[in-house]
Each structure stands twice: as structure tokens, then as C-alpha cells.
Amino acid sequence: MPRVARSPSHAGSWYEQEGAKLQQQIEGWLAKAQASGPVAGPGARAIIAPHAGYSYCGHVMAHAYQHIDPDSVRRVFLLGPSHHLASRSCLLSSAQEYTTPLGALRIDQQVYAELEATGAFGRMPLDADEAEHSLELHTPYIAQLLRGRQFSLVPIMVGALSTDGEASAGGLLAPYLADPGNLFIISSDFCHWGRRFRYTFTNKEQGPIWRSVQWLDELGMRAIEQGDPAAFTSYLATYQNTICGRHPISVLLQMLAHSSLKFKIVFNYYDQSSKAISSSDSSVSYATAVMTPL
């Protein structure tokens, strides 16, 4: 039976489709991020990074990926939100590999079987998988960073989970934190501000709109850094910030709550697609965080 492969459906539009050019871009962004400050301490066990077109956030992603130790990674759990498929659960890919302009990434069927056996993880159709960008936009970075190394991929589309659903998923994934060869990548943009996003919250005390957006995002970052899922849930309930990966982030926080291991989360970079100054403007925010063991 031929292997079912998920095609890189957003290559050529959201990011470069020619492998050599894409590799050069990613290497350039990583070099600039590394030049901004030395990476110290243990390698990341999890990162939070955006999933917009690379012209908007490719440089931002590098500030998370530079903290990964490629030699320590044996398996990558990739959690992203669903932008098109309505679901109230976590969904696994129907493919056996994700193809990228930089090579194919093999999906870990053993871990998939373990997750399916819990009864809490379903499968998404291949067309829904290929329509979604939140997972795919990370695969070129993964392929580049882990080039030449043996590893497997565990892509998980996280639907619009309830708080209890986030806790359940976090509890099921928490045991995988015990293996230092497991890396967790959480795909999320931050505030989507403007009428086209139906979100125009503004704190006028902060001055220009873009500063209000940054203030709002930073409140969310501080809540996430607490490592307490209740703090992030309370923040979202208060401000309704349009953080598209709020459910994958919450699952990560629930993993920490269910684990006996101790980690810290630190945000290290922030940017916006544009600086909104009037009510007719719009912007999307991008932030990166690194989770390391204590």
C-alpha cells in the first residue's frame, strides 16, 4: 500500500516553495536571531511560535527555534489550532508523513496508536489537514533544524476544546514530557486586531492602538509564563483576546499541571504585522516563548 503523504499545500504562497531558497531564508533568520544574544542554559523542551506567512513572521519564529538543541530531539509533538474544520476534540493526521520543500517528516504511528487507544483523539480527513496552515507552517523550520537526524513527528490539530477538554488532553500528553527526547511545538499567533477580525478592544490609556495591542498581548504572555492554566483562562475570559492558538497553549499549560516535572516558560520576542493607529487599520501579533526544565 502506498504511503499517504500530506502535501505542502501552502508552499509558494505562504512561504518559499524552492528548497534551496527556503533553506537560505531560514538559515538567515536563525543567524540573525542568534546574533541578537547568546543562547544559554538547557535546550527548549517546548516552544510557542507563530504560523503566519513567512514574510510576516519567519524572522519571529527563529527566536524560538534557536533555543532547540537538535541533537537531543527524537520526537516532535506539533500542536496547532483549527482555522477551518469545526471540531471540539483533538485530531490526528490521516497521513503517514508530512512532505516539505526540505524533505519528508515521518509521522510517529506508534504514538498515534497510543493516543487513539485513549479514545480522546480522532482523525482528520486529508483534505482538512492540507487546508490547515497552523501545523504546516512549522514543518520547514523543523525539517531544516533537524536535517540529517532521525526523528518522528506527532502532528495534532487541537479543536475548540472546553476547559475540561483541555485538562483531559493535557493529562494524556503530560507523560510524554518525561522523555527529554520529546519536543513540543505550540503553534499560535497572538492578537488579531481590527474590524475584519471583529475585535477592536482598545485601552486608550496606552496611547496608540498598536501600543494597546502590545499591552494586551503582554498581559497574556505574563499569564502563560505563570504556568497556571487557570490564570490564562481567566485572562481570556476578561479580554477575549483573539489568540488563535489559545487551546493548544492551554493544553500545554494543562500538561504542566499534570506533570511532576518542573518547567519555566519565558517569552523572548514580540512583533506585529503592522502598527495600527486608526480604527480602519488591522494587525496580527506574533510572539515566541521557550519552555525549559528547572
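All values reported here derive from a predicted model rather than from experimental measurement.

**Student:** Mind showing me how you'd approach the packing of aromatic side chains here?
**Tutor:** To describe a pair of aromatic rings, one takes the distance between the centres and the angle between the planes. Counting across every chain of the model gives 11 aromatic pairs. An angle of 80° between the planes, with centres 5.8 Å apart, marks the rings of Trp-29 and Tyr-54 as edge-to-face. In this pair, Trp-29 sits in helix H1 (residues 19-35) while Tyr-54 sits in helix H2 (residues 54-65), placing the two residues 25 residues apart along the sequence. Here the aromatic rings of Tyr-54 and Tyr-141 are separated by 6.0 Å at their centres, their planes lie at 65°, and the arrangement is edge-to-face. Separated by 87 residues along the polypeptide, Tyr-54 in helix H2 and Tyr-141 in helix H5 (residues 139-145) bring together distant segments of the chain. Each member of the pair, Tyr-54 as well as Tyr-141, is classed as buried. The ring of Tyr-98 has Arg-6 sitting right over it, with the charged end atom 5.2 Å from the ring centre.

**Student:** Can you help me understand the pairing of strand E5 (residues 97-100) in this one?
**Tutor:** Regular strands have side chains that alternate between both faces of the sheet. Sheet topology places strand E1 (residues 5-6) next to E5; 2 bridges connect them, and they run parallel. Across the sheet, the residue bridging to Ala-5 is Glu-97, located in E5. Hairpin remark: E5 followed by strand E6 (residues 103-106), antiparallel, with 2 residues in the connecting loop.

**Student:** Help me out: how do you make sense of the pairing of strand E9 (residues 182-187) in this one?
**Tutor:** In terms of residue burial, E9 counts as a mostly covered element, since 6 of its 6 residues are buried. Burial of the side chains of E9 extends over both faces: Asn-182, Phe-184 and Ile-186 are buried on one face and Leu-183, Ile-185 and Ser-187 on the other. Inspection of the sheet shows strand E2 (residues 46-49) paired to E9 by 4 bridges, in the parallel sense. Bridge pairing in E9 places Ala-49 opposite Ser-187. One ladder, built from 5 bridges, connects strand E3 (residues 75-81) with E9; its direction is parallel. By the bridge assignment for E9, Phe-77 is matched with Phe-184.

**Student:** Explanation requested: helix H8 (residues 229-239) in the structure shown.
**Tutor:** The periodicity of an α-helix, 3.6 residues per turn, causes residues three or four positions apart to be oriented the same way. Buried residues of H8: Pro-229, Ala-231, Phe-232, Tyr-235 and Leu-236, and no others. Projected down its long axis, H8 carries its buried residues within an arc of 165°, all on one side. Seen from the open side of H8, the exposed residues pointing more than 90 degrees away from its buried face are Ala-230, Ala-237 and Thr-238. If you follow the buried residues of H8, they end up packed against helix H7 (209-225) and helix H9 (246-258). Its side-chain oxygen at 3.1 Å from the backbone nitrogen of Ala-230, Asp-228 defines the N-terminal cap of H8.

**Student:** In this structure, what is going on with the environment of Asp-71? I would like to understand it.
**Tutor:** Topologically, Asp-71 is positioned in the loop between H2 and E3. Through-space distance from the C-alpha of Asp-71 to that of Gln-214 is 35 Å; in sequence the pair is 143 residues apart. A distance of 2.9 Å separates a polar atom in the side chain of Asp-71 from a polar atom in the side chain of Arg-149.

Cut-off values and rules
Residues numbered from 1 in each chain as written. Predicted model: local features only at pLDDT ≥ 70, side-chain atom pairs only at ≥ 80, totals over all residues. Heavy atoms only, no water. Phe/Tyr/Trp six-rings, centres within 6.5 Å; stacked < 30°, edge-to-face > 60°. Helix = DSSP H or I, 4+ residues; strand = E, 2+ residues; numbered from the N terminus. Buried < 20%, exposed > 50% of the residue type's maximum accessible area, 1.4 Å probe, protein only. Lys NZ or Arg CZ within 6 Å of the ring centre and 35° of its normal. Pairing = 2+ DSSP bridges. Arc of directions from axis to C-beta. Contact = heavy atoms within 4.5 Å. Polar contact = N/O pair within 3.5 Å; in protein donor to acceptor, adjacent residues only side chain to side chain.

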